[in-house]
6 protein chains.
Amino acid sequence: MFYHVKETQFNVRVSKPDPRFARLMLEQFGGANGELSAAMQYFVQAYSCKNTYPEIYDMLMDIAAEELGHLEMVGATIQMLLTGINGEMKDMHENAEYNGVMNGKAAKEEFIHEALVNPQFGIISAGSVILSDSNGNPWTAAYISANSDPTVDMRSNIASESRAKIVYEYLFKYTDDPWVKKTLGFLMTREITHYQQFEAALQTIEPNFPPGILQGNQKYSNTHYNMSKGDKYNGPWKEGMSTQLKEEWQVCDDAVKQADETNGLLDLEPKGTDRTDKSIEDLDKKLSEERSTKVREANPEKDQQWTQFKKKKK
Amino acid sequence: MFYHVKETQFNVRVSKPDPRFARLMLEQFGGANGELSAAMQYFVQAYSCKNTYPEIYDMLMDIAAEELGHLEMVGATIQMLLTGINGEMKDMHENAEYNGVMNGKAAKEEFIHEALVNPQFGIISAGSVILSDSNGNPWTAAYISANSDPTVDMRSNIASESRAKIVYEYLFKYTDDPWVKKTLGFLMTREITHYQQFEAALQTIEPNFPPGILQGNQKYSNTHYNMSKGDKYNGPWKEGMSTQLKEEWQVCDDAVKQADETNGLLDLEPKGTDRTDKSIEDLDKKLSEERSTKVREANPEKDQQWTQFKKKKK
Amino acid sequence: MFYHVKETQFNVRVSKPDPRFARLMLEQFGGANGELSAAMQYFVQAYSCKNTYPEIYDMLMDIAAEELGHLEMVGATIQMLLTGINGEMKDMHENAEYNGVMNGKAAKEEFIHEALVNPQFGIISAGSVILSDSNGNPWTAAYISANSDPTVDMRSNIASESRAKIVYEYLFKYTDDPWVKKTLGFLMTREITHYQQFEAALQTIEPNFPPGILQGNQKYSNTHYNMSKGDKYNGPWKEGMSTQLKEEWQVCDDAVKQADETNGLLDLEPKGTDRTDKSIEDLDKKLSEERSTKVREANPEKDQQWTQFKKKKK
Amino acid sequence: MFYHVKETQFNVRVSKPDPRFARLMLEQFGGANGELSAAMQYFVQAYSCKNTYPEIYDMLMDIAAEELGHLEMVGATIQMLLTGINGEMKDMHENAEYNGVMNGKAAKEEFIHEALVNPQFGIISAGSVILSDSNGNPWTAAYISANSDPTVDMRSNIASESRAKIVYEYLFKYTDDPWVKKTLGFLMTREITHYQQFEAALQTIEPNFPPGILQGNQKYSNTHYNMSKGDKYNGPWKEGMSTQLKEEWQVCDDAVKQADETNGLLDLEPKGTDRTDKSIEDLDKKLSEERSTKVREANPEKDQQWTQFKKKKK
Amino acid sequence: MFYHVKETQFNVRVSKPDPRFARLMLEQFGGANGELSAAMQYFVQAYSCKNTYPEIYDMLMDIAAEELGHLEMVGATIQMLLTGINGEMKDMHENAEYNGVMNGKAAKEEFIHEALVNPQFGIISAGSVILSDSNGNPWTAAYISANSDPTVDMRSNIASESRAKIVYEYLFKYTDDPWVKKTLGFLMTREITHYQQFEAALQTIEPNFPPGILQGNQKYSNTHYNMSKGDKYNGPWKEGMSTQLKEEWQVCDDAVKQADETNGLLDLEPKGTDRTDKSIEDLDKKLSEERSTKVREANPEKDQQWTQFKKKKK
Amino acid sequence: MFYHVKETQFNVRVSKPDPRFARLMLEQFGGANGELSAAMQYFVQAYSCKNTYPEIYDMLMDIAAEELGHLEMVGATIQMLLTGINGEMKDMHENAEYNGVMNGKAAKEEFIHEALVNPQFGIISAGSVILSDSNGNPWTAAYISANSDPTVDMRSNIASESRAKIVYEYLFKYTDDPWVKKTLGFLMTREITHYQQFEAALQTIEPNFPPGILQGNQKYSNTHYNMSKGDKYNGPWKEGMSTQLKEEWQVCDDAVKQADETNGLLDLEPKGTDRTDKSIEDLDKKLSEERSTKVREANPEKDQQWTQFKKKKK
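Residues numbered from 1 in each chain as written. Chains lettered and ligands numbered in written order. Predicted model: local features only at pLDDT ≥ 70, side-chain atom pairs only at ≥ 80, totals over all residues. Heavy atoms only, no water.

> I tried to follow the overall build of chain A on my own but got confused; where do I start?
When helices and strands are tallied, chain A shows 10 helices and six strands. By principal-axis analysis of the C-alpha atoms, chain A measures approximately 85 × 75 × 35 Å. In chain A, which comprises 314 residues, the share counted as buried stands at 72%. As displayed, chain A has an accessible area near 9,100 Å², and 50% of this comes from carbon and sulfur atoms. Distance from the positive charge centre (36 side chains) to the negative charge centre (47 side chains) of chain A: 5 Å. (Helix = DSSP H or I, 4+ residues; strand = E, 2+ residues; numbered from the N terminus. Buried < 20%, exposed > 50% of the residue type's maximum accessible area, 1.4 Å probe, protein only. Areas by Shrake-Rupley, 256 points an atom, 1.4 Å probe, with all protein chains shown as cover. Lys, Arg positive; Asp, Glu negative; His and termini not counted. Charge placed at Lys NZ, Arg CZ, Asp CG, Glu CD.)

Next up, the structure:
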């Protein structure tokens, strides 16, 4: 169940209206990396954790609820930045068809110009917030990721928080309002906080690499393919040891030749790795047993009830 | 600010898994007429009411928060209906590439068949809820309406509640689980409740017809055009008095002839109505003044602060 | 079958080109609340009425055809507002790659500026109308609602007409062209007309509340939940009688406590209502029989033919 | 203005319901290559032709109106194929929450199975047609093309008709109903007719290649680049003369080498062509003058009126 | 397998940044008729040709790969046109919340104005290219067509190349940069080349009209329906012989009367054609046998391997 | 420039057709986490790195090109899994309208059933691959992220690879074909490889936390808000030190009270951190200077040329 409390978490203020910046702020309201994306992603991910990882469920719901509050704060900022348009749009008399000629033309020109920043501010929401991004694309659930495995979902969240953080960073550049900047600073900082919380949650699951259960095939896991000809650069993604499996990087400069010589890699031999078919199969088996047992024990199939209610005295 | 409370509003239960019905229930989770649509529509509409119609703001936020809780309940039902899939998906060992031949083939065939009901239950969410409709379309904000005028928004909400109600009604047909039916019954009933609440709110604004400020032109407001030839039917939409303006219906059977004779209606004379240019202009003027004043007084433009915090002792 | 007649229903005129207003008008061409949405919504709804409610089918088709004509009129207005761009775009010689330096640079700058209002006016439609909204989102059938029950569909239509009306109202504010205003006035008025027609049609079906067949559960139908803390407002949505079922509003300020005390509402007792399990079941039964019989009798399943043709002499 | 006539152009009939085929037919109702796509594409294209190419405007409107009628016919077929579902969905009594246990379970199972073909047939449209494709994607205006030049638009239409034709062809494979096949045969044939009509219209404009005004650069117009290594095939797209410009095909097997040797083609010399900078510039100039003059003369910018009404006696 | 080579096919250059034109160029990067649409359409079509029409597969892959290179070139142009924004966006210090007041306000105002051309250039991609069209719509696979029949697909491609050509043509109008024009000229010319290549490929398949296998019904193939009343125009789409089937055009001015007299065309007699039921059935049969045999022989179902690798010496 | 080589990187094989699994594999062809998403994400990200981080540009292009090859391999698998449908669809004779009665009805029933798995396999692509996900949603660029900062983009990529990996893992469960499993194993492993490569690239940039330039505010960076009431769980996301900034976690159980007491956090004092306004401002300044200088030096604005061609002898 969700409750709304009329106070916001942070003191959201605006010095004066600014429809142009309101349009940019939409990116964090109904945009791909905005607050609704965050809230919905964590909320949807939480379902698969509820019984199996109840402590992660609790964290996801904490942060999802906080993000809903941030959505409200972003919307509040946009709403205040648009103040004046709605009043204007309720003053329709002189614009009706009975009036062929306009008074106050200059002011109207300016008003029109402002409204054109996002035409739907003028003619759909009439000076109110819209659930779209800064280009007018309605928010879509295609933005969110939830794959029922915290070793994947926590990484999706770390990336989401990184993107949300940098969009707030970029937004600073487009406003001079010191009050709006305070709000941006708070919201940007919270993404940094959540990033670290998801990282901490990821580390409670061991092993967490590779994400999921299955180990990768040792024949293909440490080869860099040079598919982009013309300059040659080096880096730790093709030299030395790989970051997680600690295998030695191999470089293949001619993938066609390699494929031809190995019947399309079927006859390839692993190099620079200690992992074997046996060691991998053992890990696959061990993790399958551990994780599937954990899920099954926590989620009995019959006669399920989502919440246990506490019978209290009336 | 939003809080989440782990209890649900209603006791959500499921007798046994049923992926087919889970797919249908998605319609109320991430579908056009589902709970997220309701929650987001009322939440977004609330912004324009906050200062101007604070009592409607309060009601919209009450219902938006309740709908978020219903979203959670619908998701909980789907999640429980899918129980078993996630456990199966964590048991990957025998499926890895090292195992060319499968055991337990018959059971697997059946499992595959169930998963195919919505393939993303099998390979994306792995037995967890997805923010899409029953056909897999991700939720989009194109579903919601908010036009910054309660005489419009309340009507949008009445229609939304009507659609949500009938989708719950239709869903009854597709499940035998008595516990799921209890939940459907509760959720369906709440739509009926909200419908009446939005209707009551609409009635607090007078006049509320036509929606918005401007009165329609009396020359075109009471004519039914017969543009669909072949049968002739009558009804109160072309006979007698119109429902709100109480004008007498006129029927035009030949719109081309009418247009030709009146220079494209420019020379048309009103019939069956008492409304005049003067009476309309007066109403336009009066409503413009009333409503724009109300908005402007409630929404000063300078140094805005969304919430007033109460300084309490620490 | 549809016929097109080259006359428009109303005399559509434009004093001079105005690409900025053309962009705004797109909202009523390919936007969520525009004329294509109206035409397609009524057209699609009509199918389920054809045999069961032939008089409503007739009305829906009348209005759908009229709305197609309005779509044409909106498009005609936009097209005339863009006059000049297409001619310019066919004058490509000086712009080809053979000419590094431009003549008439100032004029071109201005031309570019106008085109940037909606870039696709410049480089896709080359000064012609586009089937998208004012922000460039292509029209999508996600905008329309049709649920095969006139007690729902008529309400969807009342809301759609309300939204279309207010968008026309808002548009007045952004043009000074007296001829365009005449057209806006006509189109806005027709939405008011159609609103009343759908309302009249809804009233021909009794009972029409709640929409559909099933009555709501009397335990949950008259409670307002206070889920939005911080201020307290009253209103007829929580005080007095509900608008349709005439039950007495109950207010619950602590939904968690209520749920805990009633095992998630399962043990809740109805209050402030005369409706009973028996009275509801009787109504459900009666309506099921009436409505399903009506549908089945009107729609035999075998050897169906959509139109009966009249054999005429050649 | 559009009129609807209740007769369909062709005698649309269905022997017996078939929800599976109904789902497939949706492809031609709300699908990418379906009848709404055709109708809207021609309707939108018509605007730019109205004054400049009035005879093509007339043809586009003829065919657009016919396609709207075909949309109706496809919808009528789907509606009849779904007969029975709506009646069932109005018979809700035994499914309400008061009834924990179901009668007629076997029949219901089958009903559910049929409905699952497209879940929205069951729970959204309740046995009625939906404006989406066979996979449930709502129709979107992203499907249509209109570029304000008949040498482009007619070619878009030829392609659209080709696609619509083959989808009807494929549909034959999935029904045994002889009446439905008659309808498919009629609709498929009309696509063949329209194809030829658009081709004839294209030929009335000379020259029509390349589409638009500007001639291509003779240095790059007749080279085939071999960018796909591994097998060598020949064909008239790299041997002999090009189809329209009648230049001799050149083949470049090493685009990198060519770019390096010619400073990224800037120093490339034309081969196998008689076209020159001069001949091209002359053509560009001539066509620019002809076509822009034609557009400008036909579309005066001031005081535009879409239709001229004939003042008739009342 | 795809390789990337760092050289571009053509020397892509930009004289100086121009965010406004960058926005327009997006249309050819992530727009409906842009280079990704072309590349993906040909790439996806190629699959059905691989075994059945290997020479067309080769051509489609040649052109698909070339179009990917053009996508890169368009993106490179946009990227260079946006130079400066990214550097600005990495200079965040003075914008952080610690600084309430801005220096260099005028410059910033201008910067903001430029960024507003497409807000996502400012706050999402920070001066880099975006995979959307000029209005910010993300690229969607709804733009591409592939129907597994080269007589359809080649025609889709001819139309796609026509549209891509004219969008490049229109773009010339909006830039003065002579270097950018050189690139536009090259890219536009290549569309003309590809057009002719697809036409040549179409001609290698005989017969190729009607597209696909099935012949149309001779009763409906040569009638023009006059559904658009008000003016009368003639043209080769209703007079003389049809372009491909060489049947004599018939005109029906009253489709309702015709339908009534022929029981919805069921009793219609063919006119102006030599085609008969027998000749059509023969052609259907012949083509079915030829084409299905060709497909089946080229695509054995068992133990398929996509590539045959050549075992080379190591 | 891109080249296509007809060999695939890995030996893609299929034992026998399986349309059901083909549908599931679509998820990795045109789905949110599929190969096109990967290829396009890295390709688009590469632009902002080209001059500033040329070694990361090289790596992104290497992997983008490899992913295009994987897209081809996934498509090849789907294509082979659908073998047989296309041949059937070219055998249209017996299905034409001349044949009211079908032979081989049982076989056809089965064929229809298979096709219904994804109806567009039957009637759009006719047994060929489609650029959509397993639910038929066309691929959209809304799936990709590119924010012009490698400290963000590399994290987006790590998350993308994690998701792609687990979808391949889940797919294993739905096929018994040992050859298909080999391909899944190869592709899954490559995601593990790329994950580590992006992680290595991220580590070459120091500092890389927080992503971007600006440091978060020390007042808000280490507080966990308990917004989800009902159970209490602990974890390293609220206890001990934060993962990156090494600040001590603070827990706030009553955000409303905290906001009320601190004027909406404006008066909040930092706790559990050594970071100060000064230390943060210094870091902001230092990073701004370093990073913006790096970008500006690498990207001069005038007379830009994407590639330097090497003049070779002809």
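> Sorry if this is basic, but what is going on with the sheet that holds strand β4 (residues 228-229) of chain C here?
Strand-to-strand pairing in sheets goes through backbone hydrogen bonds, with the strands running parallel or antiparallel. Ordered in space as β4(C)-β1(A)-β1(B)-β4(F), the four strands form an open sheet in which the pairing is mixed. Of all the strands in the sheet, just β4 of chain C together with β4 (228-229) of chain F have a single pairing partner and so form its edges. Here strand β1 (residues 2-5) of chain A runs beside β4(C); their pairing, made up of two bridges, is parallel. Bridge assignment links A:H4 to a residue of β4(C), and that residue is C:S228. In the packing of helix α3 (residues 54-81) of chain B onto the sheet, contacts are made with β1 of chain A, β1 (2-5) of chain B together with β4 of chain C, and the angle to β1(A) comes to roughly 155°. (Pairing = 2+ DSSP bridges. Contact = heavy atoms within 4.5 Å. Axes fitted to C-alpha atoms, helices over the stretch in contact; angles between N-to-C directions.)

> Explain the relation of the copies chain C and chain D to me, please; I cannot follow it from the model alone.
Applying a rotation about an axis and a shift along it to one chain copy brings it onto the other copy. The operation relating chain C to chain D is a screw motion whose rotation component is 180°, with 0.0 Å of axial translation and a residual RMSD of 0.0 Å. The operation mapping one copy onto its partner corresponds to a two-fold rotation axis. Across chain C, the smallest distance between a C-alpha and the rotation axis is recorded for C:T140, namely 2.1 Å. By residue overlap, the copies meet face to face through one surface: 99% of the interface positions of chain C are interface positions in chain D. (Least-squares fit on C-alpha atoms with pLDDT ≥ 70 in both.)

> I keep staring at the relation of the copies chain D and chain F and nothing clicks. Help me out?
The transformation that overlays chain D on chain F combines an axial shift of 0.0 Å with a rotation of 120°, and the residual RMSD is 0.0 Å. Taken together, the rotation and translation describe the operation of a three-fold axis. By residue overlap, the copies meet through two different surfaces: only 5% of the interface positions of chain D are interface positions in chain F.

> Explain the arrangement of the chains to me, please; I cannot follow it from the model alone.
At no point do chain A and chain D touch; the closest pair of C-alpha atoms across them sits 10 Å apart. Left apart from each other, chain B and chain E have a closest C-alpha approach of 10 Å.

> Hey, could you run me through the sheet that holds strand β1 (residues 2-5) of chain E in this one?
Spatially, β4(A)-β1(E)-β1(F)-β4(D) is the arrangement adopted by the four strands of the open sheet, whose pairing is mixed. In the strand order of this sheet, the two ends are held by β4 (228-229) of chain A together with β4 (228-229) of chain D, each with one partner. Helix α3 (residues 54-81) of chain E rests against β4 of chain D, β1 of chain E together with β1 (2-5) of chain F of the sheet, and its axis sits at about 155° to β1(F).

> Is there a simple way to explain the packing of helix α2 (residues 35-49) of chain E against α3(E) in this structure?
The relative placement of two packed helices is expressed as an angle between their axes plus a distance between the axes. Residues and elements named next belong to chain E. Two elements in contact, α2 and α3, have axes whose closest approach is 8 Å; the angle formed by their N-to-C orientations is 160°. Between α2 and α3, the interaxial angle falls into the category roughly antiparallel. Both α2 and α3 take part in a crossing whose hand is left-handed. Residues E35, L36, A38, A39, Y42, F43, Q45, A46 and C49 of α2 pack against P54, I56, Y57, L60, M61, I63, A64, E67, L68, H70, L71 and V74 of α3. Looking at side-chain class alone, the contact of α2 with α3 contains 17 nonpolar, two polar and two charged residues. (Parallel < 35°, antiparallel > 145°, perpendicular 65-115°, else oblique. Left-handed = near helix turned anticlockwise from the far one by under 90°. Nonpolar A, V, L, I, M, F, W, Y, C, P; charged D, E, K, R; others polar.)

> Please explain the interface of chain D and chain F as it appears in this structure.
Frequently, the measure chosen for interface size is the accessible area that the parts lose on association. Each side of the interface is counted separately: chain D has 38 residues, and chain F has 43 residues. Carbon and sulfur atoms supply 52% of the area that chain D and chain F bury against each other, a total of about 3,800 Å² over both sides. For chain D, the biggest contributors to the area lost against chain F are D:Y170, D:K173 and D:Y174; these three give 22% of the whole. Here chain D and chain F share one salt bridge between them. Across the contact surface, chain D and chain F share 16 residue pairs in polar contact (both at pLDDT 80 or more). Put simply, the parts of the chain that give the side of chain D that touches chain F at least two residues each are α1 (19-30), α7 (150-172), α8 (178-203), β4 and α9 (255-261) of chain D. (Buried area = accessible area lost by both parts, 1.4 Å probe. Salt bridge = Lys/Arg side-chain N within 4 Å of Asp/Glu carboxyl O. Polar contact = N/O pair within 3.5 Å; in protein donor to acceptor, adjacent residues only side chain to side chain.)

> Is there a simple way to explain the pattern of salt bridges in this structure?
Side-chain pairing between opposite charges can occur once the charged atoms of the two side chains come close. A full pass over the atoms with the stated rule returns 78 salt bridges over all chains. Between C:K165 and C:E169 there is a salt bridge whose closest N-O contact spans 2.5 Å. Of this pair, C:K165 and C:E169 both sit in helix α7 (residues 150-172), separated by four residues, roughly a single helical turn. By relative accessible area, which is 0% here, C:E169 ends up buried. In the salt-bridge network here, residues are joined through shared partners; they are A:E88, A:D91, B:R296 and C:K173.

> Before we go on, may I ask you to explain the packing of aromatic side chains in this structure?
Both the distance between ring centres and the angle between the ring planes are used here to describe each pair of aromatic rings. All told, the structure shown has 69 aromatic pairs over all chains when counted by the stated rule. Between the aromatic rings of D:Y47 and D:W306, the centroid separation amounts to 5.7 Å while the plane-to-plane angle is 45°, which identifies the pairing as tilted. Taken together, the residues span a long stretch of sequence, with D:Y47 in helix α2 (residues 35-49) and D:W306 in the segment after β6 (304-305) at a distance of 259 residues. D:W306 shares its class with D:Y47; the two are buried. Consider the rings of E:F10 and E:F186, whose centres lie 4.7 Å apart with planes at 15°: the pair is stacked. Of this pair, E:F10 sits in the loop between β1 and β2 (13-14) while E:F186 sits in helix α8 (residues 178-203), and the two are 176 residues apart along the sequence. Classification of E:F10 as buried rests on a relative accessible area of 0%. With relative accessibility at 0%, the residue E:F186 sits in the buried group. If you follow D:K50 out to its NZ or CZ, it ends over the ring of D:W306, 4.2 Å from the centre. (Phe/Tyr/Trp six-rings, centres within 6.5 Å; stacked < 30°, edge-to-face > 60°. Lys NZ or Arg CZ within 6 Å of the ring centre and 35° of its normal.)

> I tried to follow the pairing of strand β1 (residues 2-5) of chain C on my own but got confused; where do I start?
Consecutive residues of a regular strand have side chains that alternate between opposite faces of the sheet. By the alternation rule, side chains of β1(C) split into C:F2 and C:H4 and C:Y3 and C:V5, which are all buried. With three bridges joining them, β1(C) and strand β1 (residues 2-5) of chain D adopt antiparallel strand pairing. Considered in β1(D), the bridge of C:Y3 is made with D:Y3.

> What is the right way to look at the interface of chain C and chain D in this model?
Across the boundary between the two partners, chain C contributes 90 residues, which contact 89 residues of chain D. The contact between chain C and chain D buries some 8,300 Å² in all, and 60% of this surface belongs to carbon and sulfur atoms. Summed over the three residues of chain C that lose the most area to chain D, namely C:M1, C:K90 and C:Q304, the buried surface amounts to 10% of that side. Put simply, chain C and chain D have 10 salt bridges between them. D:K310 serves as the salt-bridge partner of C:E7, at 2.8 Å between the closest nitrogen and oxygen. The interface formed by chain C and chain D includes 45 residue pairs in polar contact (both at pLDDT 80 or more). Of all the elements in the fold, those that place two or more residues in the side of chain C that touches chain D are β1, β2 (13-14), α2 (35-49), α3 (54-81), α4 (85-89), α10 (277-298) and β6 (304-305) of chain C. A total of 12 residues in the side of chain C that touches chain D trace back to one element, the largest contributor, which is α3(C).

> Would you take a moment to explain the environment of B:R275 for this structure?
Residue and element names in this part refer to chain B. As for its position among the elements, R275 is in the loop between α9 (255-261) and α10 (277-298). We classify R275 as buried; its relative accessible area is 16%. With 60 residues separating them in the primary sequence, R275 and Q215 have C-alpha atoms 9.9 Å apart. The residues contacting R275, other than those within four sequence positions of it, are Q215, G216, N217, Q218, S221, L245, E247 and I280.

> Can you walk me through the nonpolar core in this structure?
Within the largest apolar cluster, 569 residues are counted, with the highest numbers of intra-cluster contacts made by A:W139, B:W139, C:W139, D:W139, E:W139 and F:W139. Those residues in contact with D:W139 that sit more than four places away from it in its chain are C:L131, C:W139, C:T140, C:A141, D:G30, D:G31, D:L36, D:S37, D:M40, D:L131, D:S132 and D:I144. (Core = buried A, V, L, I, M, F, W, Y, C linked by side-chain atoms within 4.5 Å.)

> How should the environment of C:R155 be read in this particular structure?
Mapped onto the secondary structure, C:R155 falls in helix α7. What makes C:R155 buried here is its relative accessible area of 5%. For C:R155, the residues in contact, after removing those within four places along its chain, are B:I158, B:A159, B:S162, B:Y195, C:L202, C:N208, C:F209 and C:P211. Here C:N208 takes part through its backbone oxygen, which lies 2.8 Å from a polar atom of the side chain of C:R155.

> Would you take a moment to explain the environment of D:L131 for this structure?
All names here are of chain D. Within the secondary structure, L131 sits in the loop between α6 (119-123) and α7. The buried category is assigned to L131, whose relative accessible area is 5%. As for L131 and A201, which are separated by 70 residues in sequence, their C-alpha atoms are 31 Å apart.

Purely geometric numbers; function is a separate question.
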